[in-house]
Amino acid sequence: MGELLSARGVSVYRDGNTILEDVSLSIGEKDFITIIGPNGAGKSMLLKCMMGFYAPSKGEVFRRDGLKIGYVPQRLVADHTVPIRVRRFLTLRKKATKAALASVAGETAIEDILDKPLHVLSGGELQRVLLARALLDDPDLLVLDEPAQNLDVTGQLAFYKLIEQIYAERDVSILMVSHDLHLVMSSTREVVCLYHHICCSGEPHMVTRDPEFISLFGNDMARLMAVYNHSHDHDHDHGHDHAHDHSGIPGHDHSHSHDEEAAR
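So, here's what we can say about the structure. Keep in mind it's a predicted model, so treat the numbers as computed, not measured.

1. Side note on the pattern of salt bridges
And then number 1: Within this structure, the stated rule accounts for six salt bridges.
And then number 2: Between R87 and D115 there is a salt bridge, with its nearest N and O atoms 3.2 Å apart. One end of the pair, R87, is in helix α2 (residues 86-91); the other, D115, is in the loop between α3 (98-107) and α4 (123-135), and 28 residues separate them in sequence.
And then number 3: Under the relative-accessibility criterion, R87 is labelled partly exposed at 35%.
And then number 4: Judged by its relative accessible area of 48%, D115 is partly exposed.
And then number 5: Linked by salt bridges that have partners in common, E3, R8 and E60 make up one network.

2. Comments concerning the environment of V61
And then number 1: For V61, the location among the structural elements is in strand β4 (residues 58-63).
And then number 2: Expressed as a C-alpha distance, the spacing of V61 and M50, which sit eleven residues apart in the sequence, is 6.0 Å.
And then number 3: With near-sequence residues (within four places) excluded, V61 lies in contact with L5, S6, V10, C49 and M50.

3. Side note on the pairing of strand β5 (residues 69-72)
Successive side chains on a regular strand alternate, one facing one side of the sheet and the next facing the other.
And then number 1: The alternating pattern of β5 places G70 and V72 on a buried face and I69 and Y71 on a face that is not buried.
And then number 2: Sheet topology note: the β5/strand β6 (residues 141-145) ladder contains four bridges and is parallel. When the sheet's bridge partners are listed, G70 is paired in β6 with L142.

4. Here's the deal with the nonpolar core
For soluble globular proteins, the rule of thumb is that nonpolar side chains tend to be buried together.
And then number 1: L90, I110, V129, L131, L142, L144 and I174 are the most contacted members of the largest nonpolar core, which has 48 residues in total.
And then number 2: It is α4 that provides the largest number of residues to this core, a total of seven residues.
And then number 3: Not counting residues within four places of it along the chain, the set of residues in contact with L131 comprises V72, T108, L142, L144, F159, L162, I163 and I166.
And then number 4: In this structure, L5, M45, C49 and M50 belong to the second largest nonpolar core, which totals 25 residues.

5. Side note on α3
And then number 1: Burial in α3 covers these residues: L101, V104, A105 and E107. For α3, the angular spread of buried residues about the axis comes to 160°, placing them on one side. Opposite the buried face of α3, at more than 90 degrees from it, the exposed residues are K98 and A99.
And then number 2: Check the buried side of α3 and you find it contacts α2, α4 and α5 (153-169).
And then number 3: Positive backbone phi, at 60°, marks A109, one or two positions downstream of α3.

6. Remarks on helix α1 (residues 43-51)
And then number 1: Counting buried positions over the nine residues of α1 gives eight, a clear majority of the element.
And then number 2: Directly beyond the C-terminal end of α1, a positive phi value near 90° is found at G52.

7. What to know about the packing of aromatic side chains
And then number 1: One pass over the full model with this rule turns up three aromatic pairs.
And then number 2: Here the aromatic rings of F53 and Y71 are separated by 6.0 Å at their centres, their planes lie at 75°, and the arrangement is edge-to-face. Within this pair, whereas F53 is found in the loop between α1 and β4, its partner Y71 is found in strand β5, the two being separated by 18 residues in sequence.
And then number 3: Judged by its relative accessible area of 54%, F53 falls in the exposed class.
And then number 4: Here F159 and Y160 contribute two aromatic rings whose centre-to-centre distance is 6.3 Å and whose plane-to-plane angle is 75°, an arrangement assigned as edge-to-face. The same class applies to F159 and to Y160, which are both buried.

8. Topic: the sheet that holds β5
And then number 1: The strand order across the open sheet formed by six strands is β5-β6-β7-β3-β8-β9, and the pairing between neighbours is mixed. In this open sheet, the two strands that pair with only one neighbour each are β5 and β9 (197-202). With strand direction ignored, the average angle separating the axes of adjacent strands in the sheet is 15°.
And then number 2: Both strand β3 (residues 32-36) and strand β8 (residues 190-195) contribute to a ladder of four bridges, which runs parallel. Looking across to β8, one finds that I36 is bridged to C193.

What counts, and where the lines are drawn
- Residues numbered from 1 in each chain as written.
- Predicted model: local features only at pLDDT ≥ 70, side-chain atom pairs only at ≥ 80, totals over all residues.
- Heavy atoms only, no water.
- Salt bridge = Lys/Arg side-chain N within 4 Å of Asp/Glu carboxyl O.
- Helix = DSSP H or I, 4+ residues; strand = E, 2+ residues; numbered from the N terminus.
- Buried < 20%, exposed > 50% of the residue type's maximum accessible area, 1.4 Å probe, protein only.
- Contact = heavy atoms within 4.5 Å.
- Pairing = 2+ DSSP bridges.
- Core = buried A, V, L, I, M, F, W, Y, C linked by side-chain atoms within 4.5 Å.
- Arc of directions from axis to C-beta.
- Phe/Tyr/Trp six-rings, centres within 6.5 Å; stacked < 30°, edge-to-face > 60°.
- Axes fitted to C-alpha atoms, helices over the stretch in contact; angles between N-to-C directions.

Everything listed is a geometric property; what it means functionally is a separate question.
Written out as structure tokens, the structure reads:
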């Protein structure tokens with residue numbers, strides 16, 4: 001599997017704080033990797049470094065030549081004093097044929113709002129517009145930074161279902177930061193637990209049993225995920241023929257304070 005993008009020993013220090021420490025992460029073709037961690041863990045900073053928005057203090061970032069990345073931010077604040085319509089927003093600084101625009105609009109279910117001003121859209125509609133814009137260039141890699149953070153539960157479920165559909169139907173890799181692990185469990189292939197460094201990583205059902213995961217998110221979350229895992233495994237035993245690698249993940253012996261304050 002060809003490597004698309006990777007962080008190699010990336011560290012970021014700012015104002016005397018350690019934001020990231022010796023982080024290595026690789027995204028290959030048709031990967032689906034979800035980064036989780038508490039607020040201030042450095043998740044967004046890692047994405048910024050990997051996309052070239054921010055230079056790491058140490059380490060390096062590899063990007064495959066010609067790699068096309070589509071980016072979906074946490075949110076976009078639409079200014080009502082600049083009444084730009086969705087159709088115009090989608091094609092700003094992007095060359096897209098009418099056919100390509102119509103195809104992406106259909107894929108993200110925004111056909112009916114193409115001629116609406118951005119500032120009147122609901123949170124869910126706006127996130128689908130941002131997703132459509134990221135898909136217009138037919139990216140090799142889709143990067144999403146907590147894309148459902150500002151949506152209600154119904155909106156979150158709908159948005160993650162759409163992401164799963166896009167992953168299933170497109171030849172695309174996905175790198176996503178999310179707090180909603182239970183909502184992306186069925187599609188993500190690897191979970192990376194980050195708290196300034198990588199605490200643990202691997203398949204979702206294994207990571208949620210890791211002592212580092214429990215240390216960061218608590219026993220309540222671990223029990224919740226265990227219930228989900230049981231239900232998810234039961235569903236796969238009846239009607240699905242998926243092969244899963246159930247190899248164990250070694251524990252880590254990292255000692256650090258989870259109360260320290262760090263920039264995002």
